[in-house]
Each structure stands twice: as structure tokens, then as C-alpha cells.
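# Observations on chain architecture
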Amino acid sequence: MSRYLFDNTAVQTAGRFSVLEARYDTASRAALERTGLSPGWRCLEVGGGGGSLGNWLGERVGPDGEVVVTDIDPARAASRPGAANVRVLRHDITHDPLPGDGFDLVHARLVLLHLPERLRVLELLAGALRPGGWLVLEDFDCGWIPVLAAPDDSAVLLFERLHASLLALLEQAGAEPRWGRQVVGAMLRAGLDQVTATTYAETWQGGGEGIGLHRVNTVQVADGLAELGVGAGEVAAFLALLDDPRFVVSSYPLVSALGRRPGEETSR
């Protein structure tokens, strides 16, 4: 299995999926719609997480379409069964053969940034498309999350220090936290055409739903932060700051990149 910094079997995982679905699913659905998503399409959803997007795709492609949802731990997606045309599989994209090819649409959100093999995986996913099929990759640019309001300067410094330590842990695990700003270029180099992207961000206020993602992530990697010299007192102060409505930070920008496999499109 690939090594992910965030353990999807941990108790905090439900909170992570909940925030991602609530704050980002609307942007992801809009990106997927831009491909011309239609009834009858065959779709591959890589890293299906909580299953919300896989089930939505199943509704959009209808009974004549097919959606294959994969994840290294598919339990959460499988616990929210969708229509009969949605199939959930245990699958590690870095090691296992793809569950088919000739897909009209392949989608992965917040997957490739965690993978040291991200460029090879991108090539693999592009190769799973039919001619004229669409690859949609969505990833964060974790390097751009400015603090927009804070009770004082020390709060800004605390947030920036803790977050920089979290990014260091991601990099140690083989992730590229700034992959979102690189994905368009990577898709072009992979030979895709009609490559475009949009970026979605919003404000996250202390005590709100979105900023809870920082809480979930921090609690889960507290041991790793300690190894980097971040003390328990700093972590506690950071978690308290996340509940302070005077503190406002930009969300992680989600870059939604679309690219089409060249070739003659088949009629549907």
C-alpha cells in the first residue's frame, strides 16, 4: 500500500470526509459537469473517500452508465451504497492494475498530491481514457492559505508555524503539498489537450465547519508534530485558535484541472 500521512481508518477520518464533502463537493461537481458528463458514460472515481461524488456520478450517468469507485480502504464509500450502476472496489492506484479502461471520465480528488509516483499515476489514468475521454484531477495548493484576520500577530505566527510543520510531515511522507499549482503543466506534458482549470477557495472562520479540517489533520498527526519539536502546549493553543471567531484564514485552494485524451470521439 502507498503511505499516506492521514490514516483513513482512524477515528478522525469521518470528520475529514465530512468537511471535504461539505466544502468542496459543489466545486467538484461543477468541474465534472464541464466535461459534458452525460447519461451512459463509463466513469472511474479514484480515491472515492466517503463516496459522495461516486454516488452523484451514478445518478448523472443513469442506468445505462457505469461508475467504478476505488479506494485503498473502501469501507466508508461502501457504507453509503448508491445506485446499482455504482461499483466500489478496494484498490491501490500505485500497485494494482486498473479496473478496466476505455472510460469516458476518470476523476481523482486529493489523491495524486499524496503519491510520490504521481506522474506515473497521471500517465496511467490518462491511458485508461477512451479517445476523447476526460481526466479531471483536483488537488490542493497547500502553499497558499493566507491568514485574513487574527486576534494578534502571535496568532498569525502560531498558525503559520503549525501549518508549516504539517506540510513538512506531508513532504516526509512523499507528498507534494503544492501539487495543485503543478497539475496543469503535468497534464499537458502527459499529452492531454483542451487542458483548463479553475480554482475554488473560501474563507474559513474560527469555530466554523471548514476550519475543522485543520483540527482533524492536526490531531491525527500530533505525534509527528512532536517529533518536529512542536510541543503539546503549542498544539493546544493552535486548536484553541481554530475555535476563535476572530481568526479567519483562506481555505485550501482546490485546483480542478480538466484534460481530454486526443483522438476521435465515439458517439453516445
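About the criteria used
- Residues numbered from 1 in each chain as written.
- Predicted model: local features only at pLDDT ≥ 70, side-chain atom pairs only at ≥ 80, totals over all residues.
- Heavy atoms only, no water.
- Axes fitted to C-alpha atoms, helices over the stretch in contact; angles between N-to-C directions.
- Helix = DSSP H or I, 4+ residues; strand = E, 2+ residues; numbered from the N terminus.
- Parallel < 35°, antiparallel > 145°, perpendicular 65-115°, else oblique.
- Left-handed = near helix turned anticlockwise from the far one by under 90°.
- Contact = heavy atoms within 4.5 Å.
- Nonpolar A, V, L, I, M, F, W, Y, C, P; charged D, E, K, R; others polar.
- Buried < 20%, exposed > 50% of the residue type's maximum accessible area, 1.4 Å probe, protein only.
- Salt bridge = Lys/Arg side-chain N within 4 Å of Asp/Glu carboxyl O.
- Pairing = 2+ DSSP bridges.
- Phe/Tyr/Trp six-rings, centres within 6.5 Å; stacked < 30°, edge-to-face > 60°.
- Core = buried A, V, L, I, M, F, W, Y, C linked by side-chain atoms within 4.5 Å.
- Polar contact = N/O pair within 3.5 Å; in protein donor to acceptor, adjacent residues only side chain to side chain.

### Regarding the packing of helix H7 (residues 212-220) against helix H9 (residues 232-241)
Between H7 and H9, the least distance of the axes is 10 Å, while the angle of their chain directions is 165 degrees. Relative to H9, the element H7 is oriented roughly antiparallel. The chirality of how H7 crosses H9 is left-handed. Counted together, His-214, Arg-215, Thr-218 and Val-219 of H7 and Val-235, Phe-238 and Leu-239 of H9 form the full contact between these two elements. Here the residues of the contact of H7 with H9 are counted per class, giving 4 nonpolar, 2 polar and 1 charged.

### Observations regarding H7
Burial analysis of H7 places 7 of its 9 residues in the buried class, the great majority of the element. When H7 is considered as a whole, its buried residues turn out to be Gly-212, Leu-213, His-214, Val-216, Asn-217, Thr-218 and Gln-220.

### What to know about the pattern of salt bridges
For the structure shown, the criterion picks out 13 salt bridges. Residue Glu-209 is joined to Arg-23 by a salt bridge in which the shortest nitrogen-to-oxygen separation is 2.9 Å. One end of the pair, Glu-209, is in the loop between strand S8 (203-205) and H7; the other, Arg-23, is in helix H1 (residues 13-33), with 186 residues separating them in the sequence. Residue class for Glu-209 comes out partly exposed when judged on its relative accessible area of 42%. Given the relative accessible area of 26%, Arg-23 is considered partly exposed. One salt bridge connects Arg-260 with Asp-193, and the closest N-O pair in it is separated by 3.5 Å. One end of the pair, Arg-260, is in strand S10 (residues 254-260); the other, Asp-193, is in strand S7 (residues 193-200), with 67 residues separating them in the sequence. A relative accessible area of 9% places Arg-260 in the buried class.

### Observations regarding the sheet that holds strand S9 (residues 248-250)
Sheet strands pair by backbone hydrogen bonding; their relative direction is either parallel or antiparallel. An order of S6-S9-S8 is seen for the 3 strands of this open sheet, with the pairing classed as antiparallel. The two strands at the open ends of the sheet, each matched to only one other strand, are strand S6 (147-149) and S8. Across the sheet, the axes of successive neighbouring strands diverge by a mean angle of 30 degrees, strand direction being ignored. Inspection of the sheet shows S6 paired to S9 by 2 bridges, in the antiparallel sense. Residue pairing across strands places Val-147 opposite Val-249, the latter belonging to S9.

### Some details on the packing of aromatic side chains
Inspection of every chain in the model, using the stated rule, returns 7 aromatic pairs. When the ring of Tyr-24 is compared with that of Tyr-200, the centres are 6.1 Å apart and the planes differ by 85 degrees; the resulting orientation is edge-to-face. Of the two residues, Tyr-24 sits in helix H1 while Tyr-200 sits in strand S7, which places them 176 residues apart along the sequence. Residue class for Tyr-24 comes out buried when judged on its relative accessible area of 1%. Here Phe-140 and Tyr-252 contribute two aromatic rings whose centre-to-centre distance is 5.0 Å and whose plane-to-plane angle is 25 degrees, an arrangement assigned as stacked.

### Focus: the nonpolar core
Residues Leu-125, Leu-135 and Phe-140 are the most contacted members of the largest nonpolar core, which totals 62 residues. Excluding anything up to four places from it in sequence, Phe-140 contacts Leu-20, Tyr-24, Leu-110, Leu-113, Pro-177, Arg-178, Trp-179, Gly-180, Leu-213, Tyr-252, Pro-253 and Leu-254. If you look at the next biggest cluster of nonpolar residues, it comprises 16 residues, including Ala-31, Leu-57, Val-61 and Leu-258.

### Examining the side chain of His-91
For His-91, the position within the fold is in the loop between strand S3 (86-90) and strand S4 (103-109). The class of His-91 is buried, set by a relative accessible area of 7%. In terms of polar contacts, His-91 uses its side chain to reach the backbone carbonyl oxygen of Pro-97, at 2.9 Å.

### Looking at the packing of helix H5 (residues 153-172) against H9
At a minimum axis separation of 10 Å, H5 and H9 run at an interaxial angle of 115 degrees. Compared by their axis directions, H5 and H9 come out roughly perpendicular. Viewed along their axes, H5 and H9 form a crossing whose handedness is left-handed. Residue-level contacts link Ala-155, Leu-158, Phe-159, Arg-161 and Leu-162 of H5 to Glu-234, Val-235, Ala-237, Phe-238 and Leu-241 of H9. Across the contact of H5 with H9, the residue classes break down as 8 nonpolar, no polar and 2 charged.

These results come straight from atomic positions and should not be treated as a statement about function.
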